[in-house]
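Okay, here's what each chain looks like letter by letter:
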Amino acid sequence: SSLRPGRDVGDRSTRFLWPTLGLPAMVWIVLFFLVPFYVVLCVSFGTVDPVFRSPIPIWNPLEWQFSQVQVVWDRLFGPNNFYLPAVLRTFMYVAIAVAACLVISFPVAYFTARYAGQYRGLVLALLVAPFFISYMMRMLAWINLLQPDGLVNTIVTLGGLVPVEINWLSGNPFTVVMGLIYGYVPYMLLPLFAALDRISPSLLEAARDLGASGFDLFRRVILPMSIPGIVAGTLLISLPMMGDYFTSDMLSKSPNTSMIGNLINLSIATPGQSGQAGALLILVLLVLLIPMIWYTRTNAKAEVRS
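Residues numbered from 1 in each chain as written. Predicted model: local features only at pLDDT ≥ 70, side-chain atom pairs only at ≥ 80, totals over all residues. Heavy atoms only, no water.

1. Points about unusual backbone geometry
Next up, step 1: A positive phi angle, close to 55°, is found at R53, a residue other than glycine.
Next up, step 2: Relative to the elements of secondary structure, R53 occurs in the loop between β1 (47-48) and β2 (55-56).
Next up, step 3: Its relative accessible area of 39% is what places R53 among the partly exposed residues.
Next up, step 4: One non-glycine residue with positive phi stands out, namely K253, at about 55°.
Next up, step 5: Tracing the backbone shows K253 in the loop between α10 (246-251) and α11 (260-269). (Helix = DSSP H or I, 4+ residues; strand = E, 2+ residues; numbered from the N terminus. Buried < 20%, exposed > 50% of the residue type's maximum accessible area, 1.4 Å probe, protein only.)

As structure tokens, this is what we get:
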């Protein structure tokens with residue numbers, strides 16, 4: 001009984017400890033996410049000045065108008081649906097780029113986790129170090145390589161001996177997808193490494209002792225235990241890819257390869273269409289919320305089982 005007062009004091013102190021530690025993060029989220037997002041909503045459901053073509057936000061949700069959202073909806077699913085090809089193209093580009101990033105990153109992450117030993121930190125640093133350079137500078141390097149007289153065409157044509165002319169920088173979807181892969185592959189590598197590094201070597205040895213072949217070992221042990229890293233890496237790169245516009249602008253500059261991010265950027269730059277840009281952003285956010293909610297619910301269920 002003499003310990004009860006001390007225990008009660010400790011319970012009260014820990015009751016306020018975690019909310020206090022989490023308060024700065026909550027303030028940060030409110031100031032730099034919820035408030036700007038509310039401004040986007042007010043602009044999207046607002047009106048446009050008929051003279052200056054500037055957006056007029058409506059701050060009262062009870063007075064919101066849906067004209068801007070209706071315009072975007074008609075351009076997606078109406079008779080004049082010129083937004084729809086860019087949306088479908090974005091999903092296709094992102095799916096291909098994410099799959100390629102996974103295929104490229106998985107062997108590298110597995111080798112680093114299992115065989116790099118004491119040099120794993122150095123290997124990871126060497127793999128990620130080039131990506132500390134500005135994204136624009138790296139895309140400019142791609143432009144120099146892919147020019148008609150650049151190094152890539154020189155190699156493909158064997159120095160001009162083969163009469164093949166490939167214009168990589170004029171509406172080529174392959175170039176845009178390769179740019180996305182190059183730009184985001186390290187963000188797939190790091191979560192995969194973290195997941196594969198947690199696999200105990202004793203589990204792999206036990207599977208081999210039980211007669212598992214290399215394919216069975218991968219299918220029954222390595223792959224299931226790396227799923228959290230795969231899902232985390234997929235979400236980590238697919239979300240920014242969906243809003244990427246810079247890669248297509250730098251490596252293509254063609255409407256034939258425009259993505260959702262290009263539509264949003266063009267709407268923002270066009271007078272009177274800021275509300276439509278916000279409406280497009282909201283639609284993209286609603287689509288992206290589905291995998292995010294699924295991921296958080298899956299992790300929560302896994303933690304409960306464990």
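Next, the rest of the story.
2. Looking at the layout of surface pockets
Next up, step 1: Space inside the largest pocket adds up to approximately 310 Å³.
Next up, step 2: Along its surface, the largest pocket is lined by 17 residues, and G243, I264, L281, V284 and L285 are the ones closest to its centre.
Next up, step 3: Those elements giving two or more residues to the lining of the largest pocket turn out to be α1 (4-44), α9 (214-242), α11 and α12 (274-305).
Next up, step 4: Take the lining of the largest pocket: its biggest share by element is 5 residues, from α1.
Next up, step 5: Looking at the lining of the largest pocket residue by residue, the classes come out as 14 nonpolar, 3 polar and no charged. (1 Å grid on protein atoms, 1.4 Å probe; cavity = no way out; pocket = protein on both sides within 12 Å on 5 of 7 lines; lining within 4 Å. Points joined across faces, edges and corners; volume = space filled by probe spheres on them. Nonpolar A, V, L, I, M, F, W, Y, C, P; charged D, E, K, R; others polar.)

3. Focus: the environment of L31
Next up, step 1: Tracing the backbone through its elements, the reader meets L31 in helix α1.
Next up, step 2: Taking relative accessible area as the criterion, L31 reaches 47% and is therefore assigned partly exposed.
Next up, step 3: A C-alpha to C-alpha distance of 54 Å links L31 and T157, two positions 126 residues apart in sequence.

4. Some details on the side chain of T175
Next up, step 1: Along the chain, T175 turns up in helix α7 (residues 173-197).
Next up, step 2: A distance of 2.7 Å separates a polar side-chain atom of T175 from the backbone oxygen of W168.
Next up, step 3: Setting aside residues no more than four positions away along its own chain, T175 makes contact with L146, W168, L169 and L251. (Polar contact = N/O pair within 3.5 Å; in protein donor to acceptor, adjacent residues only side chain to side chain. Contact = heavy atoms within 4.5 Å.)

5. Quick look at the side chain of S258
Next up, step 1: Mapped onto the elements of the fold, S258 is located in the loop between α10 and α11.
Next up, step 2: Judged by its relative accessible area of 14%, S258 falls in the buried class.
Next up, step 3: A polar contact of 3.0 Å, which involves the side chain of S258, links it to the backbone oxygen of P255.
Next up, step 4: In this view, S258 contacts A86, R89 and S248; residues no more than four positions away in its chain are not counted.

6. Looking at the environment of A279
Next up, step 1: Tracing the backbone through its elements, the reader meets A279 in helix α12.
Next up, step 2: Taking C-alpha positions, A279 is 9.0 Å from W73, a pair spaced 206 residues apart along the chain.
Next up, step 3: Not counting the four nearest positions on each side in its chain, A279 is found in contact with S44, Q68, V69 and V72.

7. Digging into the packing of aromatic side chains
What characterises a pair of aromatic rings is the spacing of the ring centres plus the angle enclosed by the ring planes.
Next up, step 1: Under the counting rule described, the total for this entry stands at 16 aromatic pairs.
Next up, step 2: With a centroid separation of 6.0 Å and an interplanar angle of 0°, the aromatic rings of F33 and F37 are classed as stacked. One end of the pair, F33, and the other, F37, are both in helix α1, 4 residues apart, so they sit about a helical turn from each other.
Next up, step 3: Look at F33 and you get partly exposed, because its relative accessible area is 45%.
Next up, step 4: Residue class for F37 comes out partly exposed when judged on its relative accessible area of 25%.
Next up, step 5: Look at Y184 and Y187: their rings are 6.4 Å apart centre to centre, the planes differ by 55°, and that puts the pair in the tilted class. Here the residue Y184 and the residue Y187 both occupy positions in helix α7, the gap between them amounting to 3 residues, near one helical turn.
Next up, step 6: Judged by relative accessible area, which is 11%, Y184 ranks as buried. (Phe/Tyr/Trp six-rings, centres within 6.5 Å; stacked < 30°, edge-to-face > 60°.)

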